[in-house]
Amino acid sequence: MTYTPVPPIVTARLGQYDDAHTLARAVETGAYGALRTALGQTPEAVMEQVKVAVLQGRGGAGFPAGNKWGLLPAGKFPRWLVVNGDESEPGTYKDRILMERDPHQLIEGALICAYAIRASQVFIYVRGEMALAQERIADALNDAYAAGYVGRRILGSDWSMDITLHWGAGAYIVGDETALLESLSGRRGMPRPKPPYFPAAIGLYDDPTIVNNVETLSNLPWIVEHGGEAFAALGSEKTNGTRMFAVSGHVKRPGTFEVGSGQVTFRDLFYDERLCGGIREDRKLKAFIPGGGSAPWFFEEHLDLPLDPTVVGPAGSMLGSGAIVVMDETTDMVRAAWRLVRFFAGESCGKCTPCREGVSWLQRIYERILAGHGRPEDLALLEDVGWGISPGPYPGAGVHPGDAAFPFPPRQTTICVLGPSAVAPVMSSLRRFRDEYLAYIAQATAPEATVA
Amino acid sequence: MALKVTIDGREVDAERGELVIAVAERAGVYIPRFCYHPRMRSVGMCRMCIVNVDGGRGPALTAACIAEVSDGMRVDTRAPEVKKVQDGVLEFLLINHPLDCPVCDKGGECPLQDQTLRFGPGESRFVEEKRHFEKPIAISGLVLLDRERCILCDRCTRFSKEVAGDPLIHFVDRGNATQVNTFPDHPFASYFSGNVVQLCPVGALTAVTYRFAARPWDIERVESTCTSCSVGCRVAVESTTNHITRYQGLDSEPVNQGWLCDRGRFDFGWIDSEDRLTTPLLREGGELVEATWGEALETAARQLSDVVATHGPEAVGVIGGARLTNEDCYAWAKLAKSVLRTDNVDAQLGDGLPPEVVLGLPAATIAEACAASAVVLLGPDLKEELPVLFLRLRAAIGRGVPVVELTPSPTSLSPLVATSLVHRPGEAAALAAALVAPGDPTGEIAGVPPAAVAAARAALAGHDDRVVVVLGRPSLAESPDGTVAAAGALRSGLPGATFLPVLRRGNVRGALDLGLAPGLLPGRVTLDAGREWFAHHWGSVPEDRGLDTAAMLAAASEGRLHALVLLGADPLADFPDRQLARRALTSVGQLIAVDTFITESTRHATVVLPAAGYAEKEGTTTNLEGRVSRLGRKVVASGTSRADWIIAVELADRMGADLGFERPEDVWDEIERIAPAHAGATRALLEAPGRVDGVLVPATGDPAAGAATLAEVVARDPSAAAAPASVPDGSQGGVGVRVRGVLAPVAPASADGGDAPASDAPPEDAPASDAPPDTPARPPVLTWAAPASVQEPPPRDAYSLRLVSGRDLYDPLVVSVSRTPHLAGLARPAALGVNPFELERLGVDDGGTVLLTSARGAVAVTAVADPAVPRGTARLGFNLASPGAAELIDAAAAVTDVRLERP
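All figures in this text were calculated on a predicted structure; none of them were measured in a lab.

Concerning the overall build of chain A
Then comes step 1: Secondary structure assignment for chain A yields 19 helices and 8 strands.
Then comes step 2: Computed over its C-alpha atoms, the radius of gyration of chain A comes to 22 Å, within 12% of the 22 Å expected for a compact globule of 452 residues.
Then comes step 3: Based on the C-alpha atoms only, the size of chain A along its principal axes is roughly 75 × 45 × 35 Å.
Then comes step 4: A total of 452 residues make up chain A; the buried ones form 58% of that total.

Thoughts on the overall build of chain B
Then comes step 1: Summing up its helical and strand segments, chain B has 28 helices and 38 strands in all.
Then comes step 2: For 903 residues, the compact-globule estimate of 2.2 N^0.38 gives 29 Å, and chain B sits close to it at 28 Å.
Then comes step 3: For chain B, the spread of C-alpha atoms along the principal axes amounts to about 85 × 80 × 65 Å.
Then comes step 4: Relative to its full complement of 903 residues, chain B shows a buried share of 59%.
Then comes step 5: For chain B, long-range pairs separated by at least 24 residues make up 71% of all intrachain contacts whose partners lie at least 6 apart in sequence.

Things to note about the sheet that holds strand β15 (residues 287–290) of chain B
All names here are of chain B.
Then comes step 1: On the basis of which strands lie adjacent, the open sheet formed by 7 strands has the order β15-β14-β27-β26-β25-β16-β17 and mixed pairing. Each edge of the open sheet is held by one strand with a lone partner, namely β15 and β17 (345–346).
Then comes step 2: With 4 bridges connecting them, strand β26 (residues 590–595) and strand β27 (residues 607–610) associate as parallel partners. Within β27, the position partnered with Ala-593 by the bridge is Val-608.
Then comes step 3: Contacting β16 (316–320), β17 and β25 (563–567), helix α18 (residues 549–557) runs over the sheet at an angle of about 135 degrees to β16.

Considerations on the sheet that holds strand β5 (residues 242–249) of chain A
Residue and element names in this part refer to chain A.
Then comes step 1: Strand order in this open sheet of 4 strands is β6-β5-β8-β7, and the pairing throughout is mixed. Edge strands, defined here as strands with exactly one partner in the open sheet, are β6 (255–260) and β7 (285–289). The mean angle between the axes of side-by-side strands here comes to 30 degrees, regardless of whether they run parallel or antiparallel.
Then comes step 2: Pairing of β5 with β6 involves 6 bridges; the strand directions are antiparallel.

What about helix α12 (residues 387–398) of chain B?
Residue and element names in this part refer to chain B.
Then comes step 1: An ideal rise of 1.5 Å per residue puts 16 Å on 12 residues; α12 measures up with 17 Å between its terminal C-alpha atoms.
Then comes step 2: Among the 12 residues that make up α12, 9 are buried, leaving the element largely enclosed by the rest of the structure.
Then comes step 3: Taken as a whole, α12 has its buried residues at Pro-387, Val-388, Leu-389, Phe-390, Leu-391, Arg-392, Leu-393, Arg-394 and Ala-396.
Then comes step 4: The secondary structure elements touched by the buried residues of α12 are α4 (155–163), α10 (366–370), α11 (382–385) and β19 (403–407).

Description of the domain arrangement of chain B
Residues and elements named next belong to chain B.
Then comes step 1: Looking at chain B, the domain boundaries give domain 1 (2–78), domain 2 (127–262), domain 3 (281–352 + 508–703), domain 4 (356–501) and domain 5 (800–901).
Then comes step 2: Here domain 2 and domain 4 have C-alpha centroids that lie 33 Å from each other.
Then comes step 3: Taken together, the contact pairs 15 residues of domain 2 with 11 residues of domain 4.
Then comes step 4: Residue composition of the side of domain 2 that touches domain 4, grouped by class: 12 nonpolar, 3 polar and no charged.

Let's talk about the domain arrangement of chain A
Residue and element names in this part refer to chain A.
Then comes step 1: In terms of domains, chain A is made up of domain 1 (12–232), domain 2 (236–328) and domain 3 (333–442).
Then comes step 2: When each unit is reduced to the centre of its C-alpha atoms, the spacing between domain 1 and domain 2 is 26 Å.
Then comes step 3: At the level of elements, α6 (94–101) and α12 (228–233) are the ones that each hand at least two residues to the side of domain 1 that touches domain 2.
Then comes step 4: Taken together, the residues of the side of domain 1 that touches domain 2 sort by class into 8 nonpolar, 7 polar and 4 charged.

Points about the interface of chain B and chain A
Then comes step 1: The interface of chain B with chain A comprises 29 residues on the first partner and 29 residues on the second.
Then comes step 2: Mapped by element, the contributors of at least two residues to the side of chain B that touches chain A are β4 (60–63) and α2 (80–95) of chain B.
Then comes step 3: Tallying contributions element by element places α2 of chain B first for the side of chain B that touches chain A, with 7 residues.
Then comes step 4: Its residues placed into classes, the side of chain B that touches chain A shows 15 nonpolar, 7 polar and 7 charged.

Topic: the environment of Asp-378 of chain A
All names here are of chain A.
Then comes step 1: Relative to the elements of secondary structure, Asp-378 occurs in helix α17 (residues 378–389).
Then comes step 2: Between the alpha carbons of Asp-378 and Pro-103 there is a distance of 48 Å; along the sequence they are 275 residues apart.
Then comes step 3: Beyond its immediate stretch of four places on either side in the chain, Asp-378 contacts Ile-365, Ile-369 and Ile-441.

Section: the pairing of β25 of chain B
All names here are of chain B.
Then comes step 1: Of all 5 residues making up β25, 5 are buried, and the element is well covered by its neighbours.
Then comes step 2: Across the two faces of β25 the burial is the same, with Ala-563, Val-565 and Leu-567 and Leu-564 and Leu-566 all buried.
Then comes step 3: Two strands pair when backbone bridges link them, and β16 and β25 are joined in this way by 5 bridges, in the parallel orientation. Along β25, the bridge assignment pairs Gly-317 with Leu-564.
Then comes step 4: Across 5 bridges, the pairing between β25 and β26 is parallel. Each bridged residue has a counterpart across the sheet, and for Val-565 the counterpart in β26 is Ile-592.

Digging into the environment of Asp-18 of chain A
Then comes step 1: Position of Asp-18 of chain A relative to the elements: it lies in the loop between α1 (12–16) and α2 (23–28).
Then comes step 2: Remark: the alpha-carbon pair of Asp-18 of chain A and Asp-102 of chain A, spanning 84 residues in sequence, is separated by 9.8 Å.

A short note on the packing of helix α16 (residues 353–373) of chain A against helix α18 (residues 418–432) of chain A
Residues and elements named next belong to chain A.
Then comes step 1: Closest axis-to-axis distance for the α16/α18 pair is 9 Å, and the angle between their directions is 20 degrees. Our classification of the angle between α16 and α18 gives roughly parallel. Here the hand of the crossing between α16 and α18 comes out left-handed. Taking contact as the criterion, the partners of Pro-354, Cys-355, Gly-358, Val-359 and Leu-362 in α16 are, on α18, Leu-418, Gly-419, Ala-422 and Val-426.

Focus on helix α15 (residues 333–347) of chain A
Residues and elements named next belong to chain A.
Then comes step 1: Look at α15: 21 Å from first C-alpha to last across 15 residues, which is about the 21 Å you get at 1.5 Å a residue.
Then comes step 2: Extensive coverage of α15 is indicated by the burial of 11 of its 15 residues.
Then comes step 3: Of the residues making up α15, those classed as buried are Met-333, Val-334, Ala-336, Ala-337, Trp-338, Leu-340, Val-341, Phe-343, Phe-344, Ala-345 and Glu-347.
Then comes step 4: The inward-facing, buried residues of α15 abut β8 (323–328), α16, α18 and α19 (434–442).

Section: the packing of α15 of chain A against α18 of chain A
Residues and elements named next belong to chain A.
Then comes step 1: Interaxial distance between α15 and α18 falls to 9 Å at its minimum, and their mutual angle equals 170 degrees. Taken together, the axis directions place α15 and α18 in an arrangement best described as roughly antiparallel. Here Met-333, Val-334, Ala-336, Ala-337, Leu-340, Val-341, Phe-344, Ala-345 and Glu-347 of α15 lie close against α18, whose contacting residues are Leu-418, Ser-421, Ala-422, Pro-425, Val-426 and Ser-429.
Then comes step 2: When grouped by side-chain class, the residues that make up the contact of α15 with α18 number 12 nonpolar, 2 polar and 1 charged.

Focus on unusual backbone geometry
Then comes step 1: Following Phe-77 of chain A, the chain continues to Pro-78 of chain A via a peptide bond in cis, the omega torsion being -5 degrees.
Then comes step 2: If you trace the backbone, Pro-78 of chain A turns up in the loop between α5 (65–69) and β1 (80–85).
Then comes step 3: In this structure, the amide linkage connecting Val-697 of chain B to the following residue, Pro-698 of chain B, adopts the cis form with an omega of -10 degrees.
Then comes step 4: In this structure, Pro-698 of chain B sits in the loop between β30 (695–696) and α24 (710–716).
Then comes step 5: Its identity is not glycine, yet Glu-281 of chain A carries a phi of approximately 50 degrees, on the positive side.
Then comes step 6: Despite not being glycine, Asn-242 of chain B shows a phi value in the positive range, around 65 degrees.
Then comes step 7: The residue Asn-242 of chain B is located in the loop between β12 (234–240) and β13 (243–249) in this model.

Here we look at the environment of Leu-561 of chain B
Residues and elements named next belong to chain B.
Then comes step 1: Structurally, Leu-561 is set in the loop between α18 and β25.
Then comes step 2: Owing to 26 C-beta atoms within 10 Å, Leu-561 belongs among the buried residues under this scheme.
Then comes step 3: Sequence separation of Leu-561 and Ile-139 is 422 residues, and the distance between their C-alpha atoms is 52 Å.
Then comes step 4: Not counting the four nearest positions on each side in its chain, Leu-561 is found in contact with Ala-315, Gly-317, Asn-344, Met-552, Ala-555, Ala-556 and Val-588.

Basis of the calculations
Residues numbered from 1 in each chain as written. Chains lettered and ligands numbered in written order. Predicted model: local features only at pLDDT ≥ 70, side-chain atom pairs only at ≥ 80, totals over all residues. Helix = DSSP H or I, 4+ residues; strand = E, 2+ residues; numbered from the N terminus. Rg over C-alpha atoms; globule rule 2.2 N^0.38 Å. Buried ≥ 20, exposed ≤ 12 C-beta atoms within 10 Å, placed from the backbone. Contact = placed C-beta atoms within 7 Å. Pairing = 2+ DSSP bridges. Axes fitted to C-alpha atoms, helices over the stretch in contact; angles between N-to-C directions. Expected span 1.5 Å × (residues − 1). Domains from an automatic or database assignment. Nonpolar A, V, L, I, M, F, W, Y, C, P; charged D, E, K, R; others polar. Parallel < 35°, antiparallel > 145°, perpendicular 65-115°, else oblique. Left-handed = near helix turned anticlockwise from the far one by under 90°.

In structure tokens:
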């Protein structure tokens, strides 16, 4: 596969203008035109277009947006649209770019969705740390309210909609939609067990609720303007449209790239001069994480896989939220795994036992090994503690293609996928780079005094 | 719809909506758990209950406390994978648990310990240092929290927020640093804090009273009933080496559902108090000096006999009885009414309702109130007076039961109810009439705007037959007449409504049921109706209706009543009109006090007889619904003190009468045989194994009530059939008939089941199987008679405030609070609640001192601005450490008006 650039959808405006976030520039380049088109149709017709487009959710799970909307119980009001702008996965920053650089596109997309699902109100929940995104969205909302794009009788129609901006307090777990809803309603951000109830049935304030990702909604203006068929025609056979990827780590040109969905391989992405331009200082690739900190790792032999969730999953990992972290040959894989585990241990909400206790235990075993107090039995212990959080033969350890498919959600003893997320780097590094662990253990100076 | 579920290979029937963990438990498969509690919402947090559940798409590891059963579901709790997950969760829970079991109060009864032994891996692979927190921190005066032991199951936090409505403890921080704690400067000051100690599955939450007090294997327990108020929560009384160590709530579905209030849970310190009376006392030369029982009983009997001989039986009065057991009450009723032949007997101290109202209105149970289609609340602040009933109603409101509250000042339920109508004190009757009258009101009623009345009418509309009225005394500063008239209006306006009487005192319902009230005889019959029957069984009964407490005190103060017996009653502390009580006790010739402590009132006594207290005697008690349940004896009575029924027997003996009782069981058997309402409530039924819920009397045909399951009890336990049985008369929808001494269970009659037990029809004669032909007919239990028309309260002048007064939970003048060290300090300081407008008018700051003057007296008290109190109304706690409302109230007045002045 050779890389062929496609016209961007969600980054079209921000790629062209530095002031794409202003109302003037946005309107000049067509913003809110799709909203006008949508308001000229019935909500059902808009929803139908999105169904035809098969717009897979860009937040990680990849559930088609139109189908998700269809799960709302008929005739039950109020119902809410919540925009999940709590992008926190290690390595992910595509939604931040969209919120900072083109907030009107997001607002327009949210309004179209709200119209299609007959929502009562829209909430935009933005991650606590993203100050610029907050400010840009707040300004954009003020301008859009003043210009009549949001609020009462939008664009002169008889349809009104309010959008409320909410600033998170800074917790990774609130990226989980049920934890986000708890937080938004004023409670502690902890995920709810699901099943039995998904947000479409019992969501915010126990009312039916649709939670959509920023990138997902940012696609809607284009879909309404060009039609679902046109969107479906883009991308590969199994995944439509374009997708944003945020590449970080040891590449020459890290950044976000919008490419045709499923039409680019990892090799294209890392090495093409128009994309990342190769590994830094032309070193060898050692490993890469294809879908954010929670995803099992990929290696050299996975480079020619396309960036297609339906391919990446069976190959043993996941494309998740489009965050790709590249590690070159100088990377200490034990430290790399520890760094991710430490993140998840710190972000565990503390609600369920295996995540709260197990992940911090993993972290402490790593810290002991790195401090020169490792024991040979620690490797089996790491695996077994991991099993207690995410049981079973861990399929997506990404040792080589042909590993069993990575199930999503993964098998878990926890309420949400945060716990299993912490197990992914452990299993991936432990299986592929066992020698690095053994080297640490061989260097161990003295066993640590044990305090049980 | 019935479903079939397979659990570990065995097919089980289940209902839709049931949880896997509950269905498995019913089938005898115990799935380990920490956070799951059947009385609270499932959260699925501890992950201990993970099992393999196959709902049709293959087995998956699923938390059994979250998963609802579905038809054909297969559950495997023993798969190797499940076992490994259980090992894993327990190892995780223990990595930061201090394992200080040898010094932990929970050790020996700890779910973490027990389930680790049964389901755990046996050893830990954790070699790092455990998490550390400061060892126990006091989160309230009663509860300590050791965060190192905590496994973060959310039971305590969930209870506080969802069940009690006191969200004062929370999770703070996150990840492995998560802890339960209070917010700074907001202690866990909940009336229900002790429940979290009982709920805690580890030793993280411990009670100050139990800390290092005993080990579980040294504890003996007996089933009993709490008597700190009249809800009658079922408890286990536990002791070691003859000391009460703690009370634990038992789960009785119709009553407390496992919960207790803190007053009920912690009020045992007084039992061991060094100030308890241990010997009788006699007044000699102005001093109370120790005496032997023989001397004291002799003196008391002589004093009573002399007064009867000189002034007639109506010169003797008996006040009190709500502290007593049913057996005590009956023995004293029999002594007073058949030996002394006085009807001046009253278990209420001017703070209740007329007994005919309590016993005569068609009755509702707590469960019926909580399942009603609408509830009318007309009573005191339930959180202060009957806390667990507050919890039950709070839960019912949460389930959507509409509650209309009529109250003279806002209560703890006011923020929760559908409609709270805050009316002018003393004018509830007009408001009640407007609620049920045809047509919405056009003008203000008792100070309530017409729109609010209309909203309340809408909430009640259409459920006439399933409305329950919760009826008590909204304020001690007004006479009960207004409340009685309001009940009458509701009774006639809502003909199908039933009533739950909410009197506060422990066994006040039992005392009224058993005749400790003027004009009544045991078994809920009037003096007139029961005269022949009781004269036959007892020998004699009083001629005329006697006096209630207020009238007795008035008669004593005027020299018309010469001997007064106080049965655990302290009128000086407890009667709403303290001046009248003071005059009466200083004027009465002979004052015989039967009590556990020297109180304000017993100081005036001529004879003091020490009584055995709670947990020191056996017997039964009756809760506000009329539910009889057992009291357990766990410790030896203080000093030489005796049960009240024994004292009655001894006094009778010294007056030449034999009450016929040698054991408390003899008393109950006579109650069951003679008291009409109690027929069928046999000891066999009361003592049947597993009867946690007690027996609701009279038998109503409602299976939840207990008596209707007699047939089941008999079927299960043939010995029950051989026990003394009863002859319920045919009109009562009885549960069994005695045919030549053999109990034959019959189907409960449905004709009048659930309503007032005795129909208005004249009773049929008792089955004459073994009764002598000259036995009089068993009298009918009394029914509601509409009250005579009540005087409107006098108009309030524009310079006065009308007083509202109720009790606080931690009533500092009640001995079980004041003599229990951990509760004594919890009493709130006295404060007058008034609308900020009144303070502004006076120029007094919020928190400043004001002088309060009524026609009776004056007190200086701190005033607190409370915008929820309407203008023209003032609220003052009744029993407060400093002089309170009792100094201001005139028992004979309809309302209490006060002037507010700068001191």
